[in-house]
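# Residue-level structural notes
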Amino acid sequence: MADDALSLAGIDAFYGDSHVLQGVSLSLAEGHVLGLLGRNGAGKTTCMNVAVGLLPPRAGRVSLFGEKVSGRPPEAIAMRGLALVPQGRRIFRSLSVRENLTVAARKPVAGARHPWTLDAVFAAFPRLAERQRQTAGYLSGGEQQMLAIGRALMSNPRVLLMDEPSEGLAPQIVAEVMSTIRRLKEQGLSILLVEQNVKLVFDLADDIVILNSGRVVVSNTAGELRAGRIDLHQHLGVF
Ligand SMILES: Nc1ncnc2c1ncn2[C@@H]1O[C@H](COP(=O)(O)OP(=O)(O)OP(=O)(O)O)[C@@H](O)[C@H]1O
Ligand SMILES: [Mg+2]
């Protein structure tokens, strides 16, 4: 069997004494979208912080295409092809759109199928091209989200982590962001998508993991979950 694009195996992670992730295991298959769901505070962002190396786990292992990366610094992990679109976007507000993109540029790692350049990002997001000299802090919320995605793509990732890309966006902009994610998937990118918006996740994801208080409570294909054999309300408090 081919190695997963990204896997977390038996992860225990702490903030100080607070044991936030307890034995979390999840696998993102190459070319798939894995939806990661859970209530506020369930540990979704923490999973991302562990994957990118910002929060080293106390136990367990993070692997990228079969290679152990946990214990390495964030920069070394990024160089192996992992990029994060962080919750809340975190763009450089005082830099221009163009500068935000160029500072994030990195040559594609071996095996990357779709090299991202400034031109490629502007072609994917024409609105960023129009506003390339504008100070990023003055972009609308939707434009800032596109810039955050564009920045991550400029690093030419093989695996993209997206933390609540629809947060705070109007429905029409959410639809645009989602069609972007669909396009990236079609190009072969492996994507871990954290969302509060359950419908979005079910529209896009191949596989779904639900976290509850730092533990995995559901791990299944989206198809199986759609078939309704699991009580999502119990785990998410929605529907
Ligand atoms: N830097 C930190 N220091 C201490 N505790 C933290 C820190 N970041 C998060 N936590 C705690 O860890 C738990 C998990 O937080 P996390 O941000 O991973 O949740 P989440 O599932 O992403 O939630 P949300 O949907 O609200 O973004 C929460 O109880 C949170 O209060
Ligand atoms: Mg979060």
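This one's a predicted model, so the numbers in the text were calculated from it and none came from an experiment. (Residues numbered from 1 in each chain as written. Chains lettered and ligands numbered in written order. Predicted model: local features only at pLDDT ≥ 70, side-chain atom pairs only at ≥ 80, totals over all residues.)

## Quick word on unusual backbone geometry
Backbone geometry at Arg90 places phi at a positive 50 degrees, although glycine is not the residue there. Along the chain, Arg90 turns up in the loop between strand 6 (82-85) and helix 3 (97-103). Unusually for a residue other than glycine, Asn156 sits at a positive phi of about 55 degrees. Position of Asn156 among the secondary structure elements: in the loop between helix 6 (141-154) and strand 7 (159-163). (Helix = DSSP H or I, 4+ residues; strand = E, 2+ residues; numbered from the N terminus.)

## Some points on the sheet that holds strand 3 (residues 33-38)
Strands sit in the order 6-7-8-3-9-10 across an open sheet of six strands; the sheet is mixed. Each edge of the open sheet carries a strand with a single partner, namely strand 6 and strand 10 (215-221). Between one strand and the next, the sheet's axes are offset by a mean angle of 15 degrees, whatever the strand orientation. Summarising the sheet, strand 9 (residues 207-212) and strand 10 pair through six bridges and their orientation is antiparallel. (Pairing = 2+ DSSP bridges. Axes fitted to C-alpha atoms, helices over the stretch in contact; angles between N-to-C directions.)

## Remarks on the nonpolar core
A general trend in soluble globular proteins is that nonpolar side chains are found buried together. Core analysis: the biggest nonpolar cluster contains 66 residues, and Leu34, Leu36, Val50, Ala51, Leu160, Ile191 and Leu193 have the highest contact counts within it. At seven residues, the largest contribution of residues to this core is made by helix 6. (Core = buried A, V, L, I, M, F, W, Y, C linked by C-beta atoms within 7 Å. Buried ≥ 20, exposed ≤ 12 C-beta atoms within 10 Å, placed from the backbone.)

## Things to note about the sheet that holds strand 2 (residues 18-28)
Strand order in the open sheet made by the four strands is 2-1-4-5, with antiparallel pairing throughout. Pairing within the sheet leaves two strands with one partner each, and these edge strands are strand 2 and strand 5 (67-68). Where helix 1 (residues 44-51) meets the sheet, its contacts fall on strand 1 (6-15), strand 2 and strand 4 (59-64), and the angle it forms with strand 1 comes to roughly 110 degrees. (Contact = placed C-beta atoms within 7 Å.)

## Comments concerning the site of ligand 1
Around ligand 1, the neighbouring residues are Tyr15, Ser18, Val20, Gly38, Asn40, Gly41, Ala42, Gly43, Lys44, Thr45, Thr46 and Gln87. Those elements giving two or more residues to the shell around ligand 1 turn out to be strand 2 and helix 1. Here the shell around ligand 1 is built from residues that sort into three nonpolar, eight polar and one charged. (Near = placed C-beta within 6 Å. Nonpolar A, V, L, I, M, F, W, Y, C, P; charged D, E, K, R; others polar.)

## What about the environment of Gly188?
Note on placement: Gly188 falls in the loop between helix 7 (171-186) and strand 8 (190-194). Taking the C-beta count within 10 Å as the criterion, Gly188 has 12 such neighbours and is therefore assigned exposed. Residues Gly188 and Pro74, 114 residues apart in the sequence, show an inter-C-alpha distance of 23 Å.

Just geometry here; none of it tells us what the structure is for.
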